[in-house]
Amino acid sequence: MFPYFAFGHISPFVQLSNKLSLHGVRVSFLSAPGNIPRIKSSLLLTPNAQIIPIQLPPVEGLPPGLDSTSEMTPHMAELLKKALDLMQPQIKTLLSQLNPDFVFIDFAQYWLPKLASELGIKTAQDFWYLYKSFDGGPSAYHRVCQSISGCTALAIKTCNEMEGPYVDFMKSQHQKPVLLTGPLVPEPASGVLEEKWAKWLGQFPLGSVIFCSFGSETFLDDNQIEQLALGLELTGLPFILVLNFPAGVDTQAELNRALPKGFLERVKDRGILHSGWVQQPLILANASVGCYLCHSGFSSLIEGLMNDCQLVLLPLKGDQFLNSKVFAGDMKAGVEVNRRNEDGYFGKDDINEAVRIVMMEIEKDPCKSIRSSHKNGENFC
Ligand SMILES: C[C@@H]1O[C@H](OP(=O)(O)OP(=O)(O)OC[C@H]2O[C@@H](n3ccc(=O)[nH]c3=O)[C@H](O)[C@@H]2O)[C@H](O)[C@H](O)[C@H]1O
């Protein structure tokens, strides 16, 4: 397993590893040393699974010791792809020693299918999305296309019930086997929710709290933060709002500038603002949480679905737009926040309206039918 150095990428590879190693498949999981403690906390360390540290080669502008995009500025995160490309000799040696049947690769290792096939090893490509080119290096589009065309099979984190027609399209388009991993529903959250959250959530009725969070590396601009905050205020419901900023940015200064004047004071009895990592699976599993307003990261959507949290979707980049169309459009298991066609602008009323649709008037449509499709989605996951 060789995911990109970003936790949104690492975690589905961990979930797939867990399913495979429980079926007796031997798995070696490659990542940079700084990511290993968090991988260890979710990878089932059966005798079939091992974690192998790999070293990021030095690249000018990329401080040593930073091993995942969450610790990097956007510029450094681009340089990370250069470091990844410089890992080819290291990976070649490692693969010759491990001699696996299959390497599961991510969007960025466009050189790996060829390298692996020279060693007689097959490759499966996970994930795809498009980004601009940087410093004359290959763009993400080029990386994805080249690795798709070179690999033996495509492995996609979905199931036919969710995305059947799109899976058929991928098969016919690429003319190679498409392996469906299923949505990789995580095991029920283990561990205990920190007391400060449990206590705060415990004061609100069942299913009443909105958990509003944008995953590991999705950031809102000032205007989006302002309208989101005002929208949450308008709902009248209790909420946890998690807002993060790129590495190296002064979080407090950003919040002071972007949040509406007097907001925190007005909502102090029913709203919490937080920056930084939270125990998302445990928060979503808390009985007081009934609505999940999120960026449509795929794992987050599955976690919201499985925890009976109504989905309000505010996609902000890349695959999130497509994920949102599948969950709110095709599956009708949530609602996407209405946006202006020309520029994607949303206002406080759009936030309020989307929450109202899934949280109020639950005996009437569209709320009733969305909740029923949500249950249906839970069943086939
Ligand atoms: C593939 C890439 O993943 C990206 O985002 P992200 O990492 O947020 O993705 P999720 O699938 O939601 O995954 C996020 C995972 O991190 C967990 N988590 C997150 C934040 C936190 O504070 N605490 C947590 O436990 C969460 O529970 C989930 O399991 C983007 O969508 C991107 O567009 C996509 O290409």
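Residues numbered from 1 in each chain as written. Predicted model: local features only at pLDDT ≥ 70, side-chain atom pairs only at ≥ 80, totals over all residues. Heavy atoms only, no water.

Where an unreviewed UniProt entry is consulted, the chain appears under the name anthocyanidin 3-O-glucosyltransferase, with the organism given as Hevea brasiliensis. Taken from UniProt, the Pathway (unreviewed entry) comment for the chain reads in full: "Pigment biosynthesis; anthocyanin biosynthesis." (UniProt positions renumbered as here; feature names shortened; annotations may be inferred.)

**Quick look at the overall build of the chain**
Along its length, the chain carries 16 helices and 12 strands. Judged by the C-alpha coordinates and their principal axes, the chain covers about 60 × 45 × 45 Å. Every one of the 381 residues in the chain was classed for burial, and the buried ones make up 52%. Relative to all contacts within the chain whose residues are 6 or more apart in sequence, the contacts with residues 24 or more apart total 64%. When the accessible surface of the chain is summed, it comes to about 17700 Å², and 54% of that surface belongs to carbon and sulfur atoms. Between the averaged position of the 32 positive side-chain charges in the chain and that of its 39 negative side-chain charges there is a distance of 2 Å. (Helix = DSSP H or I, 4+ residues; strand = E, 2+ residues; numbered from the N terminus. Buried < 20%, exposed > 50% of the residue type's maximum accessible area, 1.4 Å probe, protein only. Contact = heavy atoms within 4.5 Å. Areas by Shrake-Rupley, 256 points an atom, 1.4 Å probe, with all protein chains shown as cover. Lys, Arg positive; Asp, Glu negative; His and termini not counted. Charge placed at Lys NZ, Arg CZ, Asp CG, Glu CD.)

**Quick look at the nonpolar core**
Of all hydrophobic cores here, the largest spans 40 residues; its most connected members are Phe2, Phe5, Ile91 and Leu112. When contributions to this core are tallied by element, the ones reaching two or more residues are α3 (74–85), α4 (88–98), β3 (102–105), α5 (112–118), α6 (140–150), β5 (153–156) and α7 (160–174). If you tally residues by element for this core, the top one is α3, at five residues. Residues within four places of phenylalanine 2 in sequence aside, it is in contact with Phe13, Leu30, Ile54, Leu84, Ile91, Val103, Phe104, Ile105, Asp106, Gln109, Trp111 and Leu112. Ranked by size, the runner-up nonpolar core spans 33 residues in total, among them Leu259, Phe346, Ala354 and Met359. (Core = buried A, V, L, I, M, F, W, Y, C linked by side-chain atoms within 4.5 Å.)

**Focus: unusual backbone geometry**
Note the cis peptide between aspartate 365 and proline 366, where omega equals 10°. Inspection of the secondary structure assignment puts proline 366 in the loop between α15 (348–359) and α16 (367–380). You will see that lysine 332, though not glycine, has its phi angle at about 50°, which is positive. Its place among the elements puts lysine 332 in the loop between α14 (319–330) and β12 (334–336). In this structure, glutamate 361 takes a positive phi of about 50° despite not being glycine.

**Concerning the site of the ligand**
Close to the ligand lie 17 residues, the nearest being Ser216, Val278, Ser300, Glu303 and Asp319. Isolated, the ligand exposes 690 Å² of accessible area, and the fraction of that covered by the protein chains is 92%. When contributions to the shell around the ligand are tallied by element, the ones reaching two or more residues are α1 (7–22), α12 (280–285), α13 (298–306) and α14. Looking at the shell around the ligand, the element that brings in the most residues is α13, giving four residues. Taken together, the residues of the shell around the ligand sort by class into five nonpolar, 10 polar and two charged. Inspection of the shell around the ligand shows a minimum of three residues originating in each of domain 1 (7–180) and domain 2 (195–370). (Near = heavy atom within 4 Å. Nonpolar A, V, L, I, M, F, W, Y, C, P; charged D, E, K, R; others polar. Domains from an automatic or database assignment.)

**Digging into the packing of aromatic side chains**
Here the structure, examined in full by the defined rule, presents eight aromatic pairs. Ring centres of phenylalanine 2 and phenylalanine 5 lie 6.4 Å apart, and the angle between their planes is 70°; this geometry places the pair in the edge-to-face category. Residues phenylalanine 2 and phenylalanine 5 agree in their burial class; the two are buried. Centre to centre, the rings of tyrosine 4 and phenylalanine 5 are 6.2 Å apart; their planes meet at 45°, and the pair counts as tilted. Of the two residues, tyrosine 4 and phenylalanine 5, both sit in the buried class. (Phe/Tyr/Trp six-rings, centres within 6.5 Å; stacked < 30°, edge-to-face > 60°.)

**Quick look at α14**
Because each turn of an α-helix spans 3.6 residues, side chains separated by three or four positions in sequence point in the same direction. Over its 12 residues, α14 runs 15 Å from end to end, which matches the ideal 16 Å to within 8%, given 1.5 Å per residue. Listed as buried for α14 are Gln320, Asn323, Ser324, Val326, Phe327 and Ala328. Across the axial projection of α14, the buried residues extend over an arc of 165°, all falling on one side. Packed against the buried residues of α14 are α7, α13, β11 (310–313) and β12. Of the residues flanking the end of α14, it is lysine 332, one or two places downstream, whose phi is positive at about 50°. (Expected span 1.5 Å × (residues − 1). Arc of directions from axis to C-beta.)

**A few points about the sheet that holds strand β10 (residues 289–294)**
Reading across from one edge, β9-β8-β7-β10-β11-β12 is the order of the six strands in this open sheet, with parallel pairing throughout. In the strand order of this sheet, the two ends are held by β9 (271–274) and β12, each with one partner. Sheet twist, expressed as the mean angle between neighbouring strand axes with direction ignored, is 15°. Across five bridges, the pairing between strand β7 (residues 209–213) and β10 is parallel. (Pairing = 2+ DSSP bridges. Axes fitted to C-alpha atoms, helices over the stretch in contact; angles between N-to-C directions.)

**Considering the pattern of salt bridges**
Any two side chains of opposite charge can pair, so long as their charged atoms come close to each other. Considering all chains together, one arrives at 13 salt bridges under this definition. For the salt bridge of lysine 81 with glutamate 78, the shortest nitrogen-to-oxygen distance reads 3.1 Å. Residue lysine 81 and its partner glutamate 78 are both found in helix α3; the two are separated by three residues, about one turn of the helix. Each member of the pair lysine 81 and glutamate 78 is classed as buried. Note that arginine 340 is salt-bridged to aspartate 343, the shortest N-O span being 2.8 Å. (Salt bridge = Lys/Arg side-chain N within 4 Å of Asp/Glu carboxyl O.)

**Some points on the domain arrangement of the chain**
With domains assigned, the chain is organised as domain 1 (7–180) and domain 2 (195–370). Its C-alpha centre places domain 1 at a distance of 30 Å from the equivalent point of domain 2. Opposite the 16 residues of domain 1 that make contact, domain 2 presents 13 residues. Carbon and sulfur atoms make up 57% of the area that domain 1 and domain 2 hide from each other, which totals about 1200 Å². Its largest share of buried area at the contact with domain 2, domain 1 owes to Arg38, Lys157 and Met162, together 39% of the area lost on that side. For the pair domain 1 and domain 2, the number of links is zero salt bridges. Connecting domain 1 to domain 2 are three residue pairs in polar contact (both at pLDDT 80 or more). Looking at the side of domain 1 that touches domain 2, the elements with two or more residues in it are α1 and α7. For the side of domain 1 that touches domain 2, the residue count by class is seven nonpolar, five polar and four charged. (Buried area = accessible area lost by both parts, 1.4 Å probe. Polar contact = N/O pair within 3.5 Å; in protein donor to acceptor, adjacent residues only side chain to side chain.)

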